[in-house]
Amino acid sequence: MTDIKDVVIYGSYGKGNLGDDLLMIAVLHIITKHVPLSKIVVTSHPKQKYINSWFPNLKTFDLFQEKSIEVNLLVYGGGTQIFHFPPKRSKGEIGNLKRIYHWLKAKYTYNVTPGNFRGIKYRKSVAVSIGIGPFITGSKLKQKAISWLSDSDMLCLRDDVAYNFCQDNGMKNIYLYPDLIYNQTIWSNDALTHKRKTTELQKICIVVRDWDYNTPGNSYMDPLIAASKKLISNGYQISFLSFAAMSDSVVIERLENNGLAVKQWNPLKYSITEYINNNMTNVDIIISARAHGLIIGSSLKIPAFAINIEPKLQIINEQINGNYPIWSAPFSSAVLISIILDLNANWISSRREMIKKSDELAEQSLKTKEVLSDYILKNIQSEYLNGE
């Protein structure tokens with residue numbers, strides 16, 4: 001059975017991951033200015049139905065089902081969709097399930113030919129706010145990525161690494177603009193503001209995540225716990241957030257076993273803006289093991305720096321802060337404490353320095369919105385183009 005739609009937005013949506021779902025909302029906000037929701041489909045986890053509660057008229061597409069869909073335009077809708085890490089070989093039943101998942105992911109990801117992406121038969125394709133890499137040596141996925149990206153009419157890359165990858169592989173119509181989420185007007189109808197502008201660094205928000213790969217990034221949790229307990233004993237207030245509770249179960253359990261509560265985003269209970277407003281707008285600084293923890297911080301003009309567990313964290317950290325501050329492997333609790341104390345010693349100037357690029361990044365991210373809107377107006381021929 002084949003269904004025909006005007007636009008399919010492809011991403012890791014409907015999996016309870018705040019950053020990915022926020023990108024979906026941002027892309028939808030742009031596209032629905034020109035194409036009605038009823039003619040748009042987003043890829044989604046088959047067992048998670050909360051997207052339909054947010055957007056009742058929006059159709060979702062399960063990439064693992066025996067069905068194809070025909071579409072005028074396929075939009076790769078942001079995030080690090082194209083990478084190949086070596087998976088950590090977990091033991092026991094969980095390890096077996098993870099190996100099956102990675103096998104299925106590879107099987108379906110490799111099912112790509114020009115004009116056909118994992119059961120999505122498209123006439124044209126574009127990508128917005130995507131990151132690329134890294135890839136393990138000899139990765140077949142890397143070659144597939146080159147093939148399907150080369151088939152795209154337009155590529156808006158979120159960082160220099162992705163831009164250089166596309167340029168080195170001879171791709172045309174490539175643009176370098178920051179992630180859409182840097183500008184909150186693209187993803188939120190509410191004006192969220194930073195509620196604290198104090199002369200002292202006191203309230204710290206830490207965005208954590210599981211990291212189940214054989215890289216140095218999987219060793220950050222013990223020193224983070226040790227540093228947090230020391231900082232709390234010295235009078236700092238620390239809150240821990242999980243943007244993806246279903247996939248962060250290990251770090252959540254470890255923190256809670258150490259008496260450190262984690263405020264988990266539950267898409268069935270909170271909208272994204274509610275969660276951000278309740279947990280991120282009233283802190284002095286954000287320390288994040290997730291890229292969108294940093295990017296949301298910048299969009300709210302809140303100082304932020306990375307727990308550098310993977311390359312994209314360093315890339316985003318450099319976009320907002322240059323090279324400092326950042327907490328990298330080998331992770332040391334003493335180093336993290338030192339970063340906080342050094343920032344607090346000159347907090348007014350530190351805060352000003354860490355958010356000085358926020359307006360520039362927000363303005364530049366609007367370019368992706370403009371380029372995507374122009375492309376749809378010029379290329380998607382539909383009786384619905386200007387709305388119903």
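From a predicted model like this one, the values you see are computed outputs, not experimental measurements.

Regarding the confidence of the model for the chain
This prediction gives the chain a mean pLDDT of 87; 86% of its residues lie at or above 70. When the criterion is pLDDT under 50, residues 100-104 qualifies, and its contacts beyond four places in sequence or with other chains add up to 4 contacts. Note on residues 106-110: pLDDT under 50 across the span, and 11 contacts to partners over four residues away in sequence or across chains.

A word on helix H12 (residues 333-345)
Over its 13 residues, H12 extends 18 Å from the first C-alpha to the last, a length consistent with the 18 Å expected when each residue adds 1.5 Å. Tucked inside the fold, the buried residues of H12 contact strand E10 (203-208), helix H7 (221-233), strand E13 (285-288), strand E14 (304-308), strand E15 (327-328) and helix H13 (347-354). You can read the cap of H12 off the contacts: a side-chain oxygen lies 3.2 Å from the backbone nitrogen of Ala-334, and it is on Ser-332.

Section: the side chain of Asp-248
Relative to the elements of secondary structure, Asp-248 occurs in the loop between strand E11 (237-242) and helix H8 (249-257). At 3.1 Å, the side chain of Asp-248 forms a polar contact with the backbone nitrogen of Asp-210. Separated by 2.8 Å, the side chains of Asp-248 and Ser-242 make a polar contact. Non-local contacts of Asp-248, meaning those with residues more than four positions away in its chain, are made with Val-208, Arg-209, Asp-210, Ser-242, Phe-243 and Arg-290.

Brief notes about unusual backbone geometry
Across the junction of Ala-329 and Pro-330, the peptide omega takes the value 0 degrees, indicating a cis bond. Inspection of the secondary structure puts Pro-330 in the loop between E15 and H12. Its identity is not glycine, yet Asn-173 carries a phi of approximately 55 degrees, on the positive side. Checked against the element boundaries, Asn-173 lands in the loop between helix H5 (160-168) and strand E9 (174-176). Here Asn-173 falls in the partly exposed class, since its relative accessible area comes to 47%. Of note in this structure, Lys-301 is not a glycine but carries a positive phi near 60 degrees. Note on placement: Lys-301 falls in the loop between helix H10 (291-299) and E14.

Quick word on the sheet that holds E15
Strand pairs in the sheet, formed through backbone hydrogen bonds, run parallel or antiparallel to each other. Taken in spatial order, the 6 strands line up as E12-E11-E10-E13-E14-E15 in an open sheet, and their pairing is parallel. The sheet is open, and its two borders are formed by strand E12 (262-264) and E15, each paired with just one other strand. In this structure, E13 lies alongside E14, joined through 3 bridges in parallel fashion. If you follow Ile-286 over to E14, its bridge partner there is Ala-304.

A few points about the packing of aromatic side chains
In total, this model carries 8 aromatic pairs according to the counting rule given. Pairwise contacts between aromatic rings join Tyr-50, Trp-54 and Trp-265 into one cluster.

Notes on the pattern of salt bridges
Under the definition given, this model contains 9 salt bridges. Between Glu-310 and Lys-312 there is a salt bridge, with the nearest N and O atoms lying 3.7 Å from each other. Members of the salt-bridge network, linked through shared partners, are Arg-209, Glu-310 and Lys-312.

What counts as what
- Residues numbered from 1 in each chain as written.
- Predicted model: local features only at pLDDT ≥ 70, side-chain atom pairs only at ≥ 80, totals over all residues.
- Heavy atoms only, no water.
- pLDDT = per-residue confidence, 0-100.
- Contact = heavy atoms within 4.5 Å.
- Helix = DSSP H or I, 4+ residues; strand = E, 2+ residues; numbered from the N terminus.
- Expected span 1.5 Å × (residues − 1).
- Polar contact = N/O pair within 3.5 Å; in protein donor to acceptor, adjacent residues only side chain to side chain.
- Buried < 20%, exposed > 50% of the residue type's maximum accessible area, 1.4 Å probe, protein only.
- Pairing = 2+ DSSP bridges.
- Phe/Tyr/Trp six-rings, centres within 6.5 Å; stacked < 30°, edge-to-face > 60°.
- Salt bridge = Lys/Arg side-chain N within 4 Å of Asp/Glu carboxyl O.

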